[in-house]
Amino acid sequence: MKRISFILSVVVVLALGTFAAACGGDDDNGSGNGNQGGNNQGGSADKPATKEYNNPVVPYSVPDPTAIRAQDGYFYLYGTEDTRNIPVFKSKDMVNWERQPATCFTDYNRPDFEPGNPDATRSAALWAPEIRYIKNKYVLFYSLAEWGNGWVSTIGYAVADKPEGPFSPKGWVFNARQMGVDNGIDQFYWEEDGKPYMVWGSFNGIYIVELDVTDDLVITPKKDTMVRIAGNAYEGSNLWKRDGYYYLICSTGSCCEGANSTYITVVGRSKSLFGPYVNKSGGRMLDNQHELIVKGDSRWAGTGHNSIWLEDDDKNVWMLYHAYAKGDPGRGRQVLLDKIQWDADGWPTVAFQTPSNFADVPVIK
């Protein structure tokens, strides 16, 4: 009898050990509610870990980032001029960014409002750049702006042979008075089937208009094609297309209040480029209805104004965006990177809808 009892005891101990190991494995993997390491998208702890990165990927104030994978295979990133004349960063992998020695402009060729603009009271600030490769040139769009003076807002552009510049101002696409849209900033260039478009606007409606782009890069709007596609809650708009849907990505909330910033990144979608863009229940972005992509958490505030989404070499989609570190908001709006995930119905978000602390790196071959 004692022998039988001993054998039963051994069996029970072994079973409990196996159960404990299984539970411990879940915690190590950071799955479910047992994840104590924050929002982590890294490899499993019981497997060889893939290479990971930590946010922020640019630990400097580079608000409103825009990025491109250039013809040389490198990624280049630019942002609103917390560094005067617009800084340039270069990367092989979207993770490790090296600041380039020169800015896009100098004080000698710095863009400004059109001569004689009656609304201008001072020289323009350079906000929200947007980089594209058009007709074998790198074209940098930017918002010429004065804080609190929305009707002076102007969208200009410059061209360069190389993504790091030097950029030469080429002209102006349009201004707020010309289009009848107060605070006409935050431009986004989109091209499809040989037709170029511009989406723009900041808390006075989001609009789209077809553009005319000549071979020598004179860019003007076809104003009769102008359509409003979202309400007054948004700015920093972007587009993405997937599986027959157009996705309108915007920022909403307060951008620039440090740790108290309420900026979040949201989305609606449409079967037509010109809308209507709707949320999951059919509510229209024209009525300020949307779905959440990313919001702040205990570490980050003001998560928004993303670059055009970028693909890695496995066609994963990535989003670069800015945020304030709540523990050190004086560092400004740093640049974060997160992978876009798609649910079963084709809606985009990031894991846990908050910035990752660390995650697997993009696939660059």
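**A look at the state of the cysteines**
Point 1. For the coordinates displayed, the defined rule picks out one disulfide.
Point 2. The side chain of Cys255 participates in a disulfide bridge whose partner is Cys256; the two sulfur atoms lie 1.9 Å from each other. The chirality of the disulfide connecting Cys255 with Cys256 is left-handed, given an S-S dihedral of about -85°.

**Regarding the sheet that holds strand β6 (residues 98-99)**
The pairing of strands in a sheet comes from backbone hydrogen bonds and takes either a parallel or an antiparallel form.
Point 1. With antiparallel pairing, four strands are arranged side by side in an open sheet as β3-β4-β5-β6. Pairing within the sheet leaves two strands with one partner each, and these edge strands are β3 (66-69) and β6.
Point 2. Direction of pairing for strand β5 (residues 88-91) relative to β6: antiparallel, over a ladder of two bridges. Each residue of the ladder has a partner; that of Phe89, found in β6, is Arg99.

**A look at the packing of aromatic side chains**
Point 1. Inspection of the entire model under this criterion finds 17 aromatic pairs.
Point 2. The interplanar angle of 55° and the centroid separation of 4.7 Å between the aromatic rings of Phe174 and Trp200 together place this pair among those described as tilted. With Phe174 in strand β10 (residues 168-175) and Trp200 in strand β12 (residues 195-200), this residue pair connects regions lying 26 residues apart in the sequence. Assigned by exposure class, Phe174 and Trp200 land together as buried.
Point 3. With 6.4 Å between their ring centres and 85° between their planes, Tyr247 and Trp347 make a pair best called edge-to-face. Separated by 100 residues along the polypeptide, Tyr247 in strand β17 (residues 245-252) and Trp347 in the loop between β24 (341-342) and β25 (348-349) bring together distant segments of the chain. Neither Tyr247 nor Trp347 differs from the other in exposure class; each is buried.
Point 4. Through a chain of ring-to-ring contacts, three or more aromatic side chains come together here, namely Trp240, Tyr245, Tyr247, Trp309, Trp342 and Trp347.

**Details of the side chain of Asp297**
Point 1. As for its placement among the helices and strands, Asp297 is situated in the loop between β19 (291-294) and β20 (300-304).
Point 2. Here Asp297 is buried and forms no salt bridge, its nearest opposite-charge partner Lys326 lying at an N-O distance of 6.1 Å.

**Considerations on the side chain of Thr80**
Point 1. Within the secondary structure, Thr80 is located in the loop between β4 (75-78) and β5.
Point 2. In this structure the side chain of Thr80 is engaged in a polar contact, spanning 2.5 Å, whose partner is the side chain of Asp64.
Point 3. Setting aside residues no more than four positions away along its own chain, Thr80 makes contact with Pro63, Asp64, Pro87, Leu126, Trp127, Ala128 and Pro129.

**Some remarks on the sheet that holds β19**
Point 1. The four strands are arranged β16-β17-β18-β19 in an open sheet whose pairing can be described as antiparallel. Two strands bound the open sheet, and with one partner strand each, they are β16 (234-242) and β19. Adjacent strand axes in the sheet meet at a mean angle of 30°, parallel and antiparallel pairs treated alike.
Point 2. Both β16 and β17 contribute to a ladder of seven bridges, which runs antiparallel. Looking at β17, one finds that Lys241 is bridged to Tyr246.

**Some points on unusual backbone geometry**
Backbone phi values are negative for most residues with the exception of glycine, while trans is the configuration of most peptide bonds.
Point 1. In this model, Asn55 is joined to Pro56 through a cis peptide bond whose omega is 5°.
Point 2. Position of Pro56 relative to the elements: it lies in the loop between β2 (52-54) and β3.
Point 3. The phi angle at Met94 is positive, at roughly 70°, despite the residue not being glycine.

**A closer look at the nonpolar core**
Point 1. Of all hydrophobic cores here, the largest spans 20 residues; its most connected members are Tyr78, Ile86, Cys104, Phe105, Ile131, Leu140 and Phe167.
Point 2. Elements supplying a minimum of two residues to this core: β4, β7 (125-134), β8 (137-145) and β9 (154-160).
Point 3. Per-element tally for this core: the top contributor is β8, with four residues.
Point 4. When residues no more than four places from it in sequence are discounted, the contact partners of Phe105 are Asn85, Ile86, Arg110, Pro111, Leu126, Leu140, Tyr142, Ala158, Phe167 and Pro169.

Definitions and limits used
- Residues numbered from 1 in each chain as written.
- Predicted model: local features only at pLDDT ≥ 70, side-chain atom pairs only at ≥ 80, totals over all residues.
- Heavy atoms only, no water.
- Disulfide = S-S within 2.5 Å.
- Pairing = 2+ DSSP bridges.
- Helix = DSSP H or I, 4+ residues; strand = E, 2+ residues; numbered from the N terminus.
- Phe/Tyr/Trp six-rings, centres within 6.5 Å; stacked < 30°, edge-to-face > 60°.
- Buried < 20%, exposed > 50% of the residue type's maximum accessible area, 1.4 Å probe, protein only.
- Lys, Arg positive; Asp, Glu negative; His and termini not counted.
- Salt bridge = Lys/Arg side-chain N within 4 Å of Asp/Glu carboxyl O.
- Polar contact = N/O pair within 3.5 Å; in protein donor to acceptor, adjacent residues only side chain to side chain.
- Contact = heavy atoms within 4.5 Å.
- Axes fitted to C-alpha atoms, helices over the stretch in contact; angles between N-to-C directions.
- Core = buried A, V, L, I, M, F, W, Y, C linked by side-chain atoms within 4.5 Å.

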